[in-house]
Amino acid sequence: MQILDILSKIKQRFGATDLVWIDDSGAEPYLAIPRESLRPVALFLKEDPQLFFDTLMSLSGVHQIGEPEGLEVVYHLYSIRRRHRFIVKVRLERPLAFPHFYLRVDTVSDIWPAAGWMEREVYDMFGIHFMGHKDFRRLLLPPDWEGYPLLKDYQEPATYQGISTSREEVEPEEQR
Amino acid sequence: MPLTTEEMILNMGPHHPSTHGVLRFILRTDGEVIYSCHPDVGFLHRGLEKIAEKVSYAQFMPYTDRIDYLAAMNCNLGYAITVERLAGIEVPPRAEYIRVMVAELNRIISHLISVGTFALDIGAVTPFTHALRERERVNDLFEELCGARLTYNYVRFGGVAFDLPAGFLEAVSSFLDYFEPRLAQFNRLISKNKIFKERLWQVGAISAEDALGYSLAGPNLRASGIDWDLRRDESYSVYADLDFEVPVAGTEFGQIGDCYNRYWLRIREMEQSIRILRQCVAAMPAGPFWNRSKRKLKPPPGEIYVRTEAPRGELGYYLISRGDDRPYRMKIRTGSFTAMSIVEKMSPGLMVADLVALIASLDVIAPEIDR
Amino acid sequence: MESFINYLFHKIGFLQQVGYIPTAAVLMLFFCLLVLNFFGLVAGFLTFFERKLAGWTNSRRGPNRVGPYGLMQFVADGIKLILKEDIIPATADQIYFKFAPYLVLLGTALSFVVIPFGPRWSISDLNVGIFYLIATGSFTVVGLIMAGWASNNKWSLLGGMRSAAQIISYEIPNALAILVVVLTAGTMSIQGIIKAQSGGIHHWLLFSSPFTFLAFFIYGISSIAEINRIPFDIPEAESELVAGYNIEYSGMRFGAFFAAEFGNIYVVSAVAATCFLGGWQIPLVEDVALLDPIGLAVGGFLGRPPVLAVLLLGALPCMYLAFTALRAFIRDLRAKYHYRGSRFVRLNSEFLVLGLLFAAVALIMVLHVPLRGWLPEIYRLVFQYLLPFLSFFLKAMLIAFVVLWLRWTLPRLRVDQLMGLCWKYLIPLGFFCLIGQGVWMYLFAG
């Protein structure tokens, strides 16, 4: 199916109000949806017999700085049976206070089990919480790590468990 | 009254000769049968995605080698194709054929290590040394070509870094002539061995729904019965002009989706790679090998997701560019990442020896998981 | 050994003054020490040979630096193990941790009491020899469980438990196969079993009946399982348990486990050679034990014209081979000292060794004819002592070679498959052999 047909199917089902279709030049077109409608859209995409998006290719987080400031969760979907792909993005505003309350997205790990680990990685790197995830904790970094590294304004911590992370203090008198 | 046995929490720790790279599994077991298995990854996390935001496009190419060092050419190739598609760079045909040739050679040696370490985990030591012996020949070829044996940094945007040296195509042909009977000998030694079959038959069978749901890719997906190969179905480079078969699981190799099927799939993929290589060697066109641009590469603003078929599955690069000379966001999606996520689901009910076989059959490698 | 002690006692007058019991005790102790040394040497040689074999199967050479052809490698390994730091985990059970290797060594060393070296040579020819061997094989289990438990390590505990289950299970088909042999030979004493296989190669139990043929393979499989070798290597499965019950052992304690394992390989091969391959019997030479070497030499087997002809004719190719090998060696020697880049010419000392060996064999074959009348003592020594020992040793080494070879070729069985093999296949097969052999003997041996 062509992408615009898929888009029209989704708009038919969900109404065109808060689903924003972005088709800039130079990029692949994607559908930006608010976070409340993620789960219904995801279920529809997976189970509709004409769409049948059975594989989640990639689930990534992006920290956009500049005019549309905020975090995005990008879902690249693919259907092996129907041979079409689609991109869905959920935009989140990065709040000044109470980040954990606002950076919340519903999990899709029961729809696409691959999302289980991918969502853990997004949490690890960006700090976005996925509600309803069965085994939600950091994946790649140690569990007591502070900070979310892939944010653009991430400061590396000066020490980790008492060990300094900068070179001069670690090897003070060693000849180099 | 049923017998109660105590439950042990065992740590198949980061230092372990069986795990493929630095991986850790926390097992809850009663001595033999596993109740649950929690993989703990992240020991090899080097922050490649963060590094990509700091270095320029060309400077990131050596880092892509280290995503999967056993299949470095394929990782290089995927990255190069991603950036070329975003920036609209053309690649001359000779470079395309050279790229396919080195990618397939790399596929052969990556699968050699995979089946060799698989046999080693099951207990047979000799096949591993034989696989490494064949790998040495290809390492010599690559050394002649680009100077490195493991992390090549050979593919460039718009072509490849160096032209083929004189006599390289003959050397590749003679390697293929040498390798085909060796592969048959390898099969006689271990692939058809009765004990080997008994260990792997119907062990760790992953159904097709599970494989799709967990986004397994590459040989793992095809071993569960799904006929999907990026080289044929979402063709990139010159794979569309080459004639090859895509092996899919068969019931003569055990249950669909079990470890034996995954093992045999890699052997059959090696045979198909030999076929592709012969065609590349025969059809190698003359011409320029690098469409080099004089200016620093600044792709136009946009995003793109490109995936290629690496030996361990699907290697996807999601690249967001904002018009300057370094990526804004680079997300690397690897085949081993999703393969590792399915271990937790498949493990209850397996014995410890079967868990080792399962991990070895999924062909996970730690740097791909952790990046 | 007793007859030899008696012979010495009567020959040397000084000993008669000391008294029988002290001489017997001292001489027996001396022979025990000799045999223990043999155990050490054989275990060491087998480790070296295994590494060489591993190299050959992996398309590389084995150890070849220490000593000629690397033969001193096991000595170097032994010295290294002795010099290593002895690390004992603080939370391990100290007494049992230290005691376990000795138990395992004890099990192996005790088996050497009845292993024969020749027609009348073994420390003691017990009349329940085979039964005694099966019994001492069980010592190892206690040692392994003790090692696994005392290490205070879940992985070694797993290894110890698995190995206990494996060894105890596989003792049954082991004993059943040995029972077949005892049934056929009619005696449990080792020398008796060997003598029951006299009279030609078709009397060897391997070839005498299809049931004993089958029993050989049952014995082979179950004894490889008894000594924890691949394909039954689960207790020390390297890629799963990182050496199982001997994870925490270092230095010579680990060396003790290692030596016990390789000594066990020799014991098991020796028992297989005894029971199924005729022990120290030499094929084509009848009844070495009652041999009259002088009569044999002069008018007996070796004096018969066809045999003489074969020997003299056989000497010719041997001389030719010796000549070729020595000529190649001399050519290399000259190249080394005349060629400009002579330090790159490697002296192939194999040619020298082979050349001298073939020359010696040719010499013996030819000179045997004139010598046979002159030096009967040499014949006695050779035919009554040296040749039987060589024959036994070579047979045992042949089986040990197969055991070592299997390790580098086959993968490992999983625990439940291992147990299934024992209880579901080998034990019924063992019973079948036993009953079948009984029927066979009733029908054919009378």
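Conventions adopted
Along each chain, numbering runs from 1 in the same order as the chain's sequence is written. By the order in which they are written, chains take letters starting at A while ligands take numbers starting at 1. Two thresholds apply to this predicted model, a pLDDT of at least 70 for residue-level local features and 80 or more for giving and counting side-chain atom pairs, whereas whole-chain, interface and lining totals are computed over all residues. Numbering of helices and strands runs from the N terminus; a helix is a DSSP stretch of H or I covering at least four residues, while a strand is a stretch of E covering at least two. Buried, partly exposed and exposed are defined by the number of other C-beta atoms within 10 Å of a residue's own C-beta, namely 20 or more, between the two limits, and 12 or fewer respectively, with C-beta atoms placed from the backbone. We call two residues in contact when their backbone-placed C-beta atoms lie within 7 Å. Every residue gets a pLDDT, meaning the predictor's confidence in that residue, from 0 to 100. Axis geometry follows a simple rule: fit a line to the C-alpha atoms, using only the stretch in contact for helices, then measure angles between N-to-C directions, giving values from 0 to 180 degrees. Oblique is the label for any angle not covered by the other classes, which are roughly parallel (under 35 degrees), roughly antiparallel (over 145) and roughly perpendicular (65 to 115). Left-handed describes a crossing whose near helix is turned anticlockwise from the far helix by less than a right angle; the clockwise case is right-handed. Lys, Arg, Asp and Glu make up the charged group, whereas Ala, Val, Leu, Ile, Met, Phe, Trp, Tyr, Cys and Pro make up the nonpolar group; the residues left over, Gly among them, are polar. Core membership is restricted to buried Ala, Val, Leu, Ile, Met, Phe, Trp, Tyr and Cys residues, and these are joined into a nonpolar core through C-beta atoms within 7 Å. As annotated, the domain borders come from an automatic or database domain assignment. Whether two strands pair depends on DSSP finding at least two bridges between them. A helix's residues, less one, multiplied by 1.5 Å, set its expected span.

Trainee: Account for the overall build of chain A, with residues named and values stated.
Mentor: Helices and strands together make up the secondary structure of chain A, namely five helices and nine strands. Element order for chain A, N to C, with α for helix and β for strand: α-β-β-α-β-β-β-α-β-α-β-β-β-α. The burial tally for chain A puts 34% of its 176 residues in the buried class. Long-range contacts, defined here as pairs at least 24 residues apart, represent 48% of the contacts in chain A between residues at least 6 apart.

Trainee: Tell me about the overall build of chain C, and name the residues and values.
Mentor: Regarding its fold elements, chain C presents 18 helices and zero strands. Residues classed as buried in chain C amount to 39% of the 446 residues present. Taking as baseline every contact in chain C between residues at least 6 positions apart, the subset at least 24 positions apart corresponds to 77%.

Trainee: Tell me about the confidence of the model for chain A, residues and numbers included.
Mentor: This prediction gives chain A a mean pLDDT of 81; 86% of its residues lie at or above 70. When pLDDT is averaged over each helix and strand of chain A, the minimum, 60, is found for helix H5 (residues 167-170) of chain A and the maximum, 89, for helix H4 (residues 115-126) of chain A.

Trainee: Account for the packing of helix H3 (residues 20-57) of chain C against helix H4 (residues 73-83) of chain C, naming residues and giving values.
Mentor: All names here are of chain C. Here H3 crosses H4 at 110°, and the two axes come no closer than 8 Å. Taken together, the axes of H3 and H4 lie roughly perpendicular to each other. Here the hand of the crossing between H3 and H4 comes out right-handed. Contacts from Gly 44, Phe 45, Thr 47, Phe 48 and Arg 51 of H3 reach H4 at Gln 73, Phe 74, Asp 77 and Gly 78. For the contact of H3 with H4, the residue count by class is three nonpolar, four polar and two charged.

Trainee: Any details on the nonpolar core? Residues and values, ideally.
Mentor: Among the nonpolar cores identified, the biggest contains 235 residues, and Leu 358 of chain B together with Tyr 266 of chain C are the most heavily contacted of them. Lining this core are residues from two domains, each supplying at least three of them: domain 1 (1-83) and domain 2 (89-286 + 406-445) of chain C. Here Leu 358 of chain B is in contact with Val 203, Gly 204, Cys 259, Val 343, Met 346 and Leu 350 of chain B, once residues within four sequence places are set aside.

Trainee: Break down unusual backbone geometry for me, with residues and values.
Mentor: All names here are of chain B. Phi at Ser 215 takes a positive value of approximately 55°, unusual for a residue other than glycine. Looking at where Ser 215 falls in the secondary structure, it is placed in the loop between helix H8 (208-213) and helix H9 (219-223). Take Ser 215: there are 30 C-beta atoms within 10 Å of it, and that puts it in the buried class. Not every positive phi belongs to a glycine, and Ser 237 is a case in point at roughly 50°. Of note, Ser 237 is situated in the loop between helix H10 (230-233) and helix H11 (259-283).

Trainee: I'd love a proper account of the interface of chain A and chain B, names of residues and values included.
Mentor: With 22 residues of chain A at the interface, the matching set in chain B holds 29 residues. Among the secondary structure elements, those contributing two or more residues to the side of chain A that touches chain B are strand E3 (55-64) and H4 of chain A. A per-element tally of the side of chain A that touches chain B places E3 of chain A first, with six residues.

Trainee: Before we move on, can you summarise the interface of chain C and chain B with the specific residues and values?
Mentor: Counting residues at the interface gives 23 residues for chain C, matched by 27 residues for chain B. Breaking the side of chain C that touches chain B down by element, the ones donating at least two residues are helix H8 (154-185), helix H12 (238-241), helix H17 (376-409) and helix H18 (415-445) of chain C. The residue makeup of the side of chain C that touches chain B, split by class, is eleven nonpolar, six polar and six charged.

Trainee: Outline the packing of helix H1 (residues 2-11) of chain C against H3 of chain C, listing residues and values.
Mentor: Residue and element names in this part refer to chain C. It is at 11 Å that the axes of H1 and H3 come closest, and there the two elements cross at 125°. Comparing the axis directions of H1 and H3 gives the class oblique. The handedness of the crossing between H1 and H3 comes out as right-handed. Along its contact with H1, which presents Ile 5, Leu 8 and Phe 9, the element H3 presents Tyr 20, Thr 23, Ala 24 and Leu 27. Along the lines of polarity and charge, the residues of the contact of H1 with H3 split into six nonpolar, one polar and no charged.

Trainee: Residue-level account of the environment of Ala 325 of chain C, with values.
Mentor: Residue and element names in this part refer to chain C. Note on placement: Ala 325 falls in helix H15 (residues 305-338). Overall, the presence of 21 C-beta atoms within 10 Å leaves Ala 325 in the buried class. Once the C-alpha coordinates of Ala 325 and Trp 280 are considered, the two residues, 45 residues apart in sequence, prove to be 32 Å apart. Dropping the residues within four chain positions of it, Ala 325 is found in contact with Phe 351, Leu 354, Gly 355 and Phe 358.

Trainee: Any chance you could break down the pairing of strand E4 (residues 70-79) of chain A for me, citing the residues and the numbers?
Mentor: Residues and elements named next belong to chain A. Burial of E4 is extensive: nine of the ten residues sit out of reach of the surface. Bridging between E3 and E4 involves nine bridges; their strand directions are antiparallel. Looking at the pairing, Ser 60 lines up with Val 74 of E4. In this structure, the hairpin formed by E3 and E4 is closed by a connection of five residues, where Gly 66 is found at a positive phi of approximately 110°.

Trainee: Would you mind going over helix H1 (residues 3-14) of chain A in detail, with residue names and values included?
Mentor: For H1 of chain A, with twelve residues, the first-to-last C-alpha span of 16 Å sits near the 16 Å given by 1.5 Å per residue. Where H1 of chain A ends, the next residue or the one after it, Gly 15 of chain A, has phi of about 80°, a positive value.

Trainee: Would you mind going over the environment of Arg 182 of chain B in detail, with residue names and values included?
Mentor: Looking at the element boundaries, Arg 182 of chain B is found in helix H6 (residues 168-191). Taking the C-alpha atoms as reference points, Arg 182 of chain B and Val 155 of chain B, separated by 27 residues in sequence, lie 29 Å from one another.

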